[in-house]
Number of protein chains: 2
Amino acid sequence: MATLEFFWDPGSPYSYLASTQIEGLVARTGVEVVWRPVLVGVIMKAAGTHPNIESPAKGAYMMQDLALCARRYGVPLRRPDPFPTSPVIAERLALAAPPALQPALARGIMRAHWGEGRDIAQPEVLRAVVETLGLDSAAVFARTQDPEIKNTLRANTDEAVARGAFGAPTFFLGAQMFWGCDRLPHIEEILRGELVAE
Amino acid sequence: MATLEFFWDPGSPYSYLASTQIEGLVARTGVEVVWRPVLVGVIMKAAGTHPNIESPAKGAYMMQDLALCARRYGVPLRRPDPFPTSPVIAERLALAAPPALQPALARGIMRAHWGEGRDIAQPEVLRAVVETLGLDSAAVFARTQDPEIKNTLRANTDEAVARGAFGAPTFFLGAQMFWGCDRLPHIEEILRGELVAE
């Protein structure tokens, strides 16, 4: 069975859009997806790339493109306010949950941020997402302070940089990297044997 | 009948990839395509965006992604040497040809550069493309010095910036802008009435 690594950051709207498409991809292909949170700001700084909103023209287009992509997928989209916000606690939470629930928590965090426009730096926003999954939020929040959790987030980020990432979402099928939600069709075609990977 | 404006620069490999898909789009949707060369370097400077190759990680990925996209489309891809090269004479040539042949000349220029890896700053490379279309290359080359041709290239570029472009390829359906070869499916779905435009 093939494994797809999905490096995501909740501050990245295209990570959110990708997160809404993963269950369908799994259902159609049987691929196993490993959800790995990263700090995309650290990755971009290391790789020498720039946030879309740094260019007013590109930032304006991004909001229009996101709206079109969300309509195309049939998923909600609402620009967060404030934006950007700190993703660190949200990402640590996704790592602090029991492994079987981490993908659902990741999806819930990104949906709260980009589907509902909520500020995921606010503990009460995160607590609601955690509790939707039936988890003890106090226990999961307490784990966000574990050095192991902090180290995993940093190690994921460093590994992504070392493997050539420069933004998010970034996917790996084995050694082959893919950047952006719009490469999910390429990944699916490779998994189906319709497109030859590198 | 809908009209699609296609702002292209032969130095942009995703403009090349898009150029290989336009005839199919026209056949399937009946859209009228207006091919408009622009100087993408001027657009990016005005918009504050950055060439992919400025980041070693992004530049390396771009070459891998281009190869995969070309394989997916079934079109040739060969990294030009030298790259980048000056696109100015090539773009003026595309404007200097008779209007009915300009799309074919644009496609030929981009195929020579990105499909065959040729240096489109070299007159003999361009002459071969022009002559493939049965044109008098001396006459078309002479027209590249006309102030009207030079002005049109600059005016296309300025207009693209004024309308919000920040890279290439850039498409417009009326006022709605689309960036990148990977938005052609969105454009097609809008033309078919399957996706609601902004």
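Quick look at the structure, then. This structure is a prediction, so every number in the text was calculated from the model and none was measured. (Residues numbered from 1 in each chain as written. Chains lettered and ligands numbered in written order. Predicted model: local features only at pLDDT ≥ 70, side-chain atom pairs only at ≥ 80, totals over all residues. Heavy atoms only, no water.)

**Some thoughts on the overall build of chain A**
Scanning chain A from N- to C-terminus turns up 10 helices and 4 strands. Along chain A, helices and strands appear, N-terminal first, in the series β-α-α-β-α-α-α-α-α-α-α-β-β-α. Compactness check: chain A gives a C-alpha radius of gyration of 16 Å against a globular reference of 16 Å for 198 residues, within 12% of the reference. Taken along the three principal axes of its C-alpha coordinates, chain A extends 45 × 40 × 35 Å. Looking at chain A as a whole, 51% of its 198 residues are labelled buried. Of the roughly 8400 Å² that chain A leaves accessible, carbon and sulfur atoms contribute 54%. Side chains of chain A carry 19 positive and 22 negative charges; the gap between the two charge centres is 3 Å. (Helix = DSSP H or I, 4+ residues; strand = E, 2+ residues; numbered from the N terminus. Rg over C-alpha atoms; globule rule 2.2 N^0.38 Å. Buried < 20%, exposed > 50% of the residue type's maximum accessible area, 1.4 Å probe, protein only. Areas by Shrake-Rupley, 256 points an atom, 1.4 Å probe, with all protein chains shown as cover. Lys, Arg positive; Asp, Glu negative; His and termini not counted. Charge placed at Lys NZ, Arg CZ, Asp CG, Glu CD.)

**What to know about the side chain of E91 of chain A**
Residues and elements named next belong to chain A. The topology assignment puts E91 in helix 5 (residues 88-96). Within the buried set, E91 has no salt-bridge partner at all; the shortest N-O distance to an opposite charge, 9.0 Å, is to R92. Within polar-contact distance, the side chain of E91 engages the backbone nitrogen of V38 at 3.1 Å. Apart from the residues within four sequence positions on either side, E91 is in contact with W8, D9, P10, P37, V38, L39 and L153. (Salt bridge = Lys/Arg side-chain N within 4 Å of Asp/Glu carboxyl O. Polar contact = N/O pair within 3.5 Å; in protein donor to acceptor, adjacent residues only side chain to side chain. Contact = heavy atoms within 4.5 Å.)

**A word on the sheet that holds strand 3 (residues 170-173) of chain B**
Residue and element names in this part refer to chain B. Taken in spatial order, the 4 strands make up an open sheet running 2-1-3-4, and their pairing is mixed. One side of each edge strand has no neighbouring strand; the edge strands of this open sheet are strand 2 (32-37) and strand 4 (176-179). Here the strands of the sheet are splayed against their neighbours by 20° on average, with no regard to which way each runs. Pairing between strand 1 (residues 3-8) and strand 2: 6 bridges, direction parallel. For W8, the partnering residue across the bridge sits in strand 2 and is P37. (Pairing = 2+ DSSP bridges. Axes fitted to C-alpha atoms, helices over the stretch in contact; angles between N-to-C directions.)

**Concerning the packing of aromatic side chains**
Residues and elements named next belong to chain A. Applying the stated criterion to the full structure yields 14 aromatic pairs over all chains. An aromatic cluster of at least three residues, connected via ring pairs, comprises F6, W35 and F171. A cation sits over an aromatic face here: R127 above F141, 5.7 Å from the ring centre. (Phe/Tyr/Trp six-rings, centres within 6.5 Å; stacked < 30°, edge-to-face > 60°. Lys NZ or Arg CZ within 6 Å of the ring centre and 35° of its normal.)

**Describing helix 4 (residues 56-73) of chain B**
The terminal C-alpha atoms of helix 4 of chain B, which comprises 18 residues, lie 26 Å apart, in line with the 26 Å expected from a rise of 1.5 Å per residue. All of the buried residues along helix 4 of chain B are K58, G59, Y61, M62, Q64, D65, L66, L68, C69 and A70 of chain B. Each element contacted by the buried residues of helix 4 of chain B is listed here: strand 4 (176-179) and helix 10 (184-191) of chain A together with helix 1 (13-19) and helix 6 (102-115) of chain B. (Expected span 1.5 Å × (residues − 1).)

**Structural notes on the pattern of salt bridges**
Tallied over the entire structure, the rule returns 28 salt bridges over all chains. In this structure, the salt-bridge partner of E5 of chain B is R36 of chain B, at a minimum N-O distance of 2.8 Å. Here R36 of chain B lies in strand 2 and E5 of chain B lies in strand 1, a separation of 31 residues in the sequence. One exposure class covers both E5 of chain B and R36 of chain B, and it is buried. Close ionic contact of E5 of chain B with R163 of chain B constitutes a salt bridge, the shortest N to O distance being 2.9 Å. Placement of E5 of chain B in strand 1 and of R163 of chain B in the loop between helix 9 (147-162) and strand 3 is noted, with a sequence separation of 158 residues between them. A network of salt bridges, in which partner residues are shared, links D65, D182 and R183 of chain A together with D65, D182 and R183 of chain B.

**Examining the layout of surface pockets**
In this model, the second largest pocket occupies a volume close to 600 Å³. Residue lining of the second largest pocket: 29 residues in total, with D182 and P185 of chain A together with R72, D182 and P185 of chain B positioned closest to the centre. Elements supplying a minimum of two residues to the lining of the second largest pocket: helix 1 (13-19), helix 2 (22-29), helix 4 (56-73) and helix 10 of chain A together with helix 2 (22-29), helix 4 and helix 10 (184-191) of chain B. Of the residues in the lining of the second largest pocket, the class split is 15 nonpolar, 4 polar and 10 charged. (1 Å grid on protein atoms, 1.4 Å probe; cavity = no way out; pocket = protein on both sides within 12 Å on 5 of 7 lines; lining within 4 Å. Points joined across faces, edges and corners; volume = space filled by probe spheres on them. Nonpolar A, V, L, I, M, F, W, Y, C, P; charged D, E, K, R; others polar.)

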